[in-house]
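What the coordinates show
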Amino acid sequence: MEKRKAPKAVLFDMDGVLIHSMPMHVQAWNKIYTKYDIETTEEYLYSEEGRVATKAIAKLFKEQKGIILSDEETRKIYHEKVEEIKKNHPLPPIMDGMLEFVQLVKESGCAVSVVTGSGHPTLMNILNRYYPDCFDERLMVSAKDVQHGKPHPEPYLMGLEKHGIKAEEAIVVENAPLGTTAGKAAGIFVLGLNSGKLSDKMLYNNGADIVVKTAAELSKWWKENIETKKV
Ligand code: CA
């Protein structure tokens, strides 16, 4: 099979891709929503991953209780979730095998950066701890940089802009349907890393070009499918 030309940059989602943080987020959301008598399932919480948190809260209150929350109210509930994470889940683990994949991408001469819906203030600390010298904060896109979160293409379009490259010169790595949708809507080739509890089909149906289960499989795919510079 013909190999793909190496991209100029690989744009990584963070939660569920670089960091194995989804189980902790799902647990925290479940606890907070239960307190407000909002029903969710694990599958629902995984399928909603990547939506701006305050919007996700507003959506559930409207759907289940017919209540329109003010911005202040959604922010208050989101703050409770952040506090729950701080208290009970201080540091999520790195995604197994992902440092090797990031290094492989860099060794292929490609730039890397992070495009996340998270607005966590200590993002760079976590990234630098697990991926020392890999990610440049100036190239990162986080919740505070965009008007529209995923599944809107804006975060990935901004990622392209920060690198000064076109969609066809990038590859996106995403684990959640809203993220794969955002990457595809930005016109970028999307590698789906199905690290959570959803079906592969759900990622394919939402724009992923390839779906694998582990970072080791991403490395294998890269070696088999990406044309790297001859030395
Ligand atoms: Ca994610």
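Keep in mind that this is a model prediction, so the values were computed, not measured.

Another aspect to go through is the overall build of the protein chain. Assigned secondary structure in the protein chain consists of 10 helices and 7 strands. Against the compact-globule benchmark of 17 Å for 231 residues, the protein chain has a radius of gyration of 17 Å, which places it among compact chains. Taken along its principal axes, the extent of the C-alpha atoms in the protein chain is 60 × 35 × 30 Å. Expressed as a percentage of the 231 residues in the protein chain, the buried residues total 50%.

A few words now on the domain arrangement of the protein chain. According to the domain assignment, the protein chain contains domain 1 (4-20 + 92-227) and domain 2 (22-88). Placing a centre on the C-alpha atoms of domain 1 and another on those of domain 2 gives a separation of 24 Å. The contact between domain 1 and domain 2 buries some 1300 Å² in all, and 60% of this surface belongs to carbon and sulfur atoms. At the boundary of domain 1 with domain 2, the tally comes to 0 salt bridges. Put simply, domain 1 and domain 2 have 2 residue pairs in polar contact (both at pLDDT 80 or more) between them. Tallied by class, residues from the side of domain 1 that touches domain 2 come to 7 nonpolar, 6 polar and 4 charged.

To continue, consider the environment of Arg-51. Mapped onto the elements of the fold, Arg-51 is located in the loop between helix H2 (42-47) and helix H3 (53-65). By relative accessible area, which is 25% here, Arg-51 ends up partly exposed. Note: C-alpha distance between Arg-51 and Gly-149 (98 residues apart in sequence) is 6.5 Å. Excluding anything up to four places from it in sequence, Arg-51 contacts Ala-56, Lys-59, Lys-150, Pro-151 and Leu-178. At 2.7 Å, the side chain of Arg-51 forms a polar contact with the side chain of Glu-48.

To continue, consider the coordination of the calcium ion. Within the protein, the atoms that donate to the calcium ion are Asp-13 (OD), Asp-15 (O), Glu-49 (OE) and Asn-175 (OD1), at distances of 2.1 to 2.3 Å. In terms of primary sequence, the donors binding the calcium ion are separated according to D-x1-D-x33-E-x125-N. With Glu-49 in the loop between H2 and H3 and Asn-175 in the loop between strand S4 (170-174) and helix H8 (177-185), this residue pair connects regions lying 126 residues apart in the sequence.

Attention now moves to the pattern of salt bridges. Per the counting criterion, the structure on display carries 15 salt bridges. Across the pair Glu-84 and Lys-31 runs a salt bridge, and its minimum N-O distance is 3.3 Å. Of this pair, Glu-84 sits in helix H4 (residues 71-88) while Lys-31 is found in helix H1 (residues 22-35), placing the two residues 53 residues apart along the sequence. Overall, Glu-84 belongs to the buried group, its relative accessible area being 8%.

For the rest of this paragraph, the subject is the environment of Gly-117. Relative to the helices and strands, Gly-117 is located in the loop between strand S3 (111-114) and helix H6 (123-130). For Gly-117, a relative accessible area of 37% puts it in the partly exposed group. Sequence spacing of Gly-117 and Thr-41 is 76 residues, and the spatial spacing of their C-alpha atoms is 21 Å. Among residues more than four places away in sequence, those in contact with Gly-117 are Ala-143 and Lys-150.

Bringing the packing of aromatic side chains into the picture now. This model, assessed by the stated rule, comprises 8 aromatic pairs. A ring pair is formed by Tyr-36 and Phe-61, whose centres lie 5.8 Å apart and whose planes are at 65°; its orientation type is edge-to-face. Taken as a pair, Tyr-36 in the loop between H1 and H2 and Phe-61 in helix H3 lie far apart in primary sequence, 25 residues in all. One aromatic cluster is present, built from ring pairs that chain together Phe-12, Phe-101, Tyr-131, Phe-135 and Trp-222. Between Arg-4 and the ring centre of Phe-189, over which it is positioned, the NZ or CZ distance is 3.8 Å.

About the thresholds
- Residues numbered from 1 in each chain as written.
- Predicted model: local features only at pLDDT ≥ 70, side-chain atom pairs only at ≥ 80, totals over all residues.
- Heavy atoms only, no water.
- Helix = DSSP H or I, 4+ residues; strand = E, 2+ residues; numbered from the N terminus.
- Rg over C-alpha atoms; globule rule 2.2 N^0.38 Å.
- Buried < 20%, exposed > 50% of the residue type's maximum accessible area, 1.4 Å probe, protein only.
- Domains from an automatic or database assignment.
- Buried area = accessible area lost by both parts, 1.4 Å probe.
- Salt bridge = Lys/Arg side-chain N within 4 Å of Asp/Glu carboxyl O.
- Polar contact = N/O pair within 3.5 Å; in protein donor to acceptor, adjacent residues only side chain to side chain.
- Nonpolar A, V, L, I, M, F, W, Y, C, P; charged D, E, K, R; others polar.
- Contact = heavy atoms within 4.5 Å.
- Donors = N, O, S within 2.8 Å, 3.2 Å for Na, K, Ca; no water.
- Phe/Tyr/Trp six-rings, centres within 6.5 Å; stacked < 30°, edge-to-face > 60°.
- Lys NZ or Arg CZ within 6 Å of the ring centre and 35° of its normal.

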